[in-house]
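In case you want the letters, here they are:
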Amino acid sequence: MADECGATARGVADLVRIRARHPEAIAEAAARRARRPLLDGTGRLMIVAADHPARGALGVGDRTMAMASRADLLERLCLALSRPGVDGVLATADILDDLLLLGALDHKVVMGSMNRGGLQGSSFELDDRFTGHRPQDIERLGFDAGKLLLRIDYDDPGSLNTLQSTARVIDEMAERRLPVFIEPFLCRRHEDGTLRNDLGAEAVTKSIAIASGLGGSSAYTWLTVPVTENPDDMARVMETSTLPAVLLGGDVGDDQEGAYEKWRAALQLPTLEGLVVGRSLLYPADGDVAAAVDTAVGLL
């Protein structure tokens, strides 16, 4: 795999040395980063997501620790960001700080991941605290947007805490005129304790309606939505809101081609402005990150 921003050559040791001896270098790199509008001339967004590790979600398919190597993850991210048509990245502070030090974020959309407190598999997974970027951090660092996850289980009171916190963060982002991308799901906890997102048309419709109505202003709110269980339901589901939205790629398993076709059809809908994809592009089954990213870009 080609290394496009020096992540391997420079090495994790160099990043650690800079962090230990010159921590101010991160803020300096953020201050000199060349910025761009959220939407460029194409009017479409292609964002690579890498905020999974902060929730303890390191697995990809049957590879339970696929994202555990930070050097490998950075190499994959640098390669993805170098491909034509890739607009930016969504990640937590630790990863974005590394990418800033590597000089990989110039002329890219940078989205800070805000709530990662709902650790995967925990009893408190739905009380998803805002443990990542705060609105003031995104503003201070000159980043372009924030993203938050909103999972709602009608049987879990933790969801109410997340709903309330989400609404206040939307208000704070709107005060700063910063876009915030909400990724809403209705979900349920199964007998084995695992959470499953409900991708049925009714559930996705309700999640969009709930997310759209949060906060004192929706002026800067975007939605991140999954493909419904039956892809033919997407057109009806997306009639629920006039908020701009991007399509969530998700973990596609072994059926990469089938996922591409579902994404291609959904992206024809008028409210969908782009695509946010993480593990399925960074860790494709055949190992070819560049080809996976290029194919996803081609869908736009």
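Shown above is the structure to which this text applies.
Along each chain, the written sequence defines residue order, and numbers are assigned to residues from 1. A pLDDT threshold of at least 70 governs which residues receive local features in this predicted model, and a stricter bar of 80 or more applies before side-chain atom pairs are shown or counted, although totals over entire chains, interfaces and linings include all residues. Side-chain measures were taken over the full set of non-hydrogen atoms in the model, leaving aside hydrogen atoms and water.

S.K.: Sorry if this is basic, but what is going on with the overall build of the protein here?
M.R.: Strands are runs of DSSP state E lasting at least two residues, helices are runs of H or I lasting at least four, and both sets are numbered from the N terminus onward. When helices and strands are counted, the protein shows 11 helices and 9 strands. Compactness check: the protein gives a C-alpha radius of gyration of 18 Å against a globular reference of 19 Å for 300 residues, within 12% of the reference. For the protein, the spread of C-alpha atoms along the principal axes amounts to about 50 × 45 × 40 Å. Residues counted as buried form 55% of the 300 residues belonging to the protein. Put simply, the radius of gyration uses C-alpha atoms, and a globule should come to 2.2 Å times the residue count raised to 0.38. For the exposure calls, accessible area comes from a 1.4 Å probe over protein chains only, and a residue counts as buried if that area is under 20% of its type's maximum, exposed if over 50%, partly exposed in between.

S.K.: When you look at the environment of Arg134 in this model, what are you seeing that I'm missing?
M.R.: Locating Arg134 in the fold gives a position in the loop between strand 3 (109-113) and helix 5 (135-140). With a relative accessible area of 43%, Arg134 lands in the partly exposed category. Linking Arg134 and Glu172, residues 38 residues apart in sequence, is a C-alpha distance of 9.2 Å. Within polar-contact distance, the side chain of Arg134 engages the side chain of Asp137 at 2.8 Å. Here a polar contact means two N or O atoms within 3.5 Å. Within protein one must be a hydrogen donor candidate and the other an acceptor candidate, and residues neighboring in sequence count only if both atoms are side-chain atoms.

S.K.: I would appreciate a short explanation of unusual backbone geometry in the present structure.
M.R.: Residues other than glycine predominantly adopt negative phi, and peptide bonds predominantly adopt the trans conformation. Phi at His107 is positive, roughly 60 degrees, even though this residue is not glycine. For His107, the location among the structural elements is in the loop between helix 4 (93-101) and strand 3. Judged by relative accessible area, His107 falls into the exposed class, the value being 52%. The phi angle at Arg177 is positive, at roughly 60 degrees, despite the residue not being glycine. Looking at the element boundaries, Arg177 is found in the loop between helix 6 (158-175) and strand 5 (180-189).

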